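Architecture at a glance
One-letter residues, chain by chain:
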Amino acid sequence: MAKRATKGMRFKIKVQTLLGQLALMSGIEDRRTSIPVLHNLSIVSQARNTIKLTATDLDVTLTCQAEADITEPGSILVPLKKLLDITRTLPKIADITFQALEQGGAQVTCERASFKLVAPEFESFPELPKSCEGAIQIPASTVASMITSTIFAITDEASRYTLSGAKVEIDQQSLRMVTTDGHRLAKSEDKTTTAQNPIEVLIPEKALAALGRLCAAHDGPVTFAADENHAHFNVGSSVLTARLLYGQFPDYKMVFPKDNTRSFTADVALFRDTLRRVSLMADERSHSVRLDVKNNGTLTIIATNSEGGQAVEDLPITLQGDTTTPSDPGDVALSIGFNGTFVLEALASINADQATMTFKDANSQVMIIPTIPSTIEVANVVMPMRI
């Protein structure tokens, strides 16, 4: 663990530079923690013009570097949320100066404003996990896209520990990211990213969200490595370390339907907008909607609320597969119920103009995929519900 080099640490940094780093760090702090020191940001001088900032909740640790004018090297802690709140109110082009306090914390000044930020001494900050060897390089854009395509399906039930993150697999065939909450499943796969030595880990949702923010702002590669307890991601000058989840993740390959012989194709934007409008009338607890797939090439979306009323809207589709041709072309080929939010989020994960929904019957899961696959293959499985 690094020790404080001097009690008189002093440096100056641009407000805009600091604000960008603090915005990333704020997602790491656990406001509910019972360990007071974890509410603080660690700042350590690296060179005459570089400081290292670290935030951790003991499960997820983020370290970033920023350019600064250091007049006295050292290490300090400052309360993260309070510093972020202050920095947001300061002129973006101004300089902000930090002067270490004898008892811990720092005196922070910017133009005519001055703030005394009290914090524990630096030595109380926890020791950080060590990095490991064997890093795999992945384009940041690929990581960001895969997270966006899957993170929404992670469970929000604290009791379902092994489903509270994403299963990440990389081998000689592809890189895969899978999430599920037991009612739906999202999978993203990149066959251009491979590894000779397979890795299979469970990464918690909080770490995924932080990694997604880092990758969205980075153009270069991300290096990924894992040891027995942690996953490590180097994104430019930033390092994200996540404590792995443990447990038996479901065999997701068994969830994908094998005998969905019918399907329809729809415009993604039109499907999404129609479903969003109709869902306004859905029951607030179940969010249930009914999809009537008709043989005349129409999808009718219906939401009924016993207390609020009903909404109905049609959109055109192209029906394919094993369908009958009744005397009445408006006959329903399939009537199936869903949680409308699940279908909306699945559609939002598809970065394509057209989406295809494959189905078997009203009691079996459907699969929603881009009609034309891209380099990063996205697939969603949604279980039906009775309405």
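Heads up: the structure comes first, above all this text.
This one's a predicted model, so the numbers in the text were calculated from it and none came from an experiment.

**Some details on the sheet that holds strand β20 (residues 298-305)**
Sheet architecture is open: four strands sit in the order β21-β20-β19-β23, paired in antiparallel fashion. Sheet topology places β21 (309-316) and β23 (332-339) at the edges, where each strand pairs with a single neighbour. Direction aside, neighbouring strands of the sheet carry axes that sit 20 degrees apart on average. Two strands pair when backbone bridges link them, and β20 and β21 are joined in this way by eight bridges, in the antiparallel orientation. Residue pairing in the sheet places Thr300 in a bridge with Asp314 of β21. Running at roughly 170 degrees to β21, helix α5 (residues 268-279) makes contact with β19 (288-294), β20 and β21 of the sheet. Most of the contacts of helix α6 (residues 340-348) go to β23, to which it runs at about 95 degrees, and overall it touches β19 and β23.

**Let's talk about the environment of Thr375**
With respect to the helices and strands, Thr375 occurs in the loop between β25 (366-370) and β26 (376-382). According to the relative accessible area criterion, Thr375 is exposed, its value standing at 54%. With 186 residues separating them in the primary sequence, Thr375 and Glu189 have C-alpha atoms 8.4 Å apart. Those residues in contact with Thr375 that sit more than four places away from it in its chain are Glu189, Asp190, Lys191 and Thr192.

**Section: the sheet that holds strand β1 (residues 10-14)**
Taken in spatial order, the five strands make up an open sheet running β5-β1-β7-β8-β9, and their pairing is antiparallel. Unpaired on one side and paired on the other, β5 (69-72) and β9 (113-117) mark the two borders of the sheet. Each neighbouring strand pair of the sheet contributes to a mean axis angle of 15 degrees, computed without reference to strand direction. Where β1 meets strand β7 (residues 95-100), five bridges bridge the pair, whose relative direction is antiparallel. Across the sheet, residue Lys12 finds its bridge partner in β7, namely Thr97. Lying on the sheet, helix α1 (residues 15-25) is in contact with β1, β7 and β8 (106-110); it crosses β1 at an angle near 90 degrees. Most of the contacts of helix α2 (residues 80-88) go to β9, to which it runs at about 175 degrees, and overall it touches β7 and β9.

**Concerning the packing of α1 against α2**
Two elements in contact, α1 and α2, have axes whose closest approach is 10 Å; the angle formed by their N-to-C orientations is 140 degrees. Considered as vectors, α1 and α2 are oriented oblique to each other. Viewed along their axes, α1 and α2 form a crossing whose handedness is left-handed. Between α1 and α2, the contacting residues are Val15, Leu18, Leu19, Leu22, Ala23 and Met25 on the first element and Leu80, Leu83, Leu84, Thr87 and Arg88 on the second. Considering only residue class, the contact of α1 with α2 consists of nine nonpolar, one polar and one charged.

**Quick look at the pairing of strand β16 (residues 230-235)**
Counting buried positions along β16 gives five out of six residues, so the element sits mostly inside the fold. Hairpin connection from strand β15 (residues 221-226) to β16: three residues lie between these consecutive antiparallel strands. Where β16 lies against strand β17 (residues 238-243), six bridges are found, and the strand directions are antiparallel. Looking at β17, one finds that Val235 is bridged to Ser238. The antiparallel hairpin formed by β16 and β17 contains two residues in its connecting segment, where Gly236 sits at a positive phi of about 60 degrees.

**Thoughts on the packing of helix α3 (residues 140-148) against helix α4 (residues 205-216)**
Orientation of α3 relative to α4, taken along the N-to-C sense of each, is 140 degrees, at an axis distance of 8 Å. Judged on the interaxial angle alone, α4 and α3 are oblique. The crossing of α3 and α4 is left-handed. Residues Ala140, Val143, Ala144 and Ile147 of α3 form the contact with α4, whose participating residues are Leu208, Leu211, Gly212, Cys215 and Ala216. Looking at the contact of α3 with α4 residue by residue, the classes come out as eight nonpolar, one polar and no charged.

About the criteria used
- Residues numbered from 1 in each chain as written.
- Predicted model: local features only at pLDDT ≥ 70, side-chain atom pairs only at ≥ 80, totals over all residues.
- Heavy atoms only, no water.
- Pairing = 2+ DSSP bridges.
- Helix = DSSP H or I, 4+ residues; strand = E, 2+ residues; numbered from the N terminus.
- Axes fitted to C-alpha atoms, helices over the stretch in contact; angles between N-to-C directions.
- Contact = heavy atoms within 4.5 Å.
- Buried < 20%, exposed > 50% of the residue type's maximum accessible area, 1.4 Å probe, protein only.
- Parallel < 35°, antiparallel > 145°, perpendicular 65-115°, else oblique.
- Left-handed = near helix turned anticlockwise from the far one by under 90°.
- Nonpolar A, V, L, I, M, F, W, Y, C, P; charged D, E, K, R; others polar.

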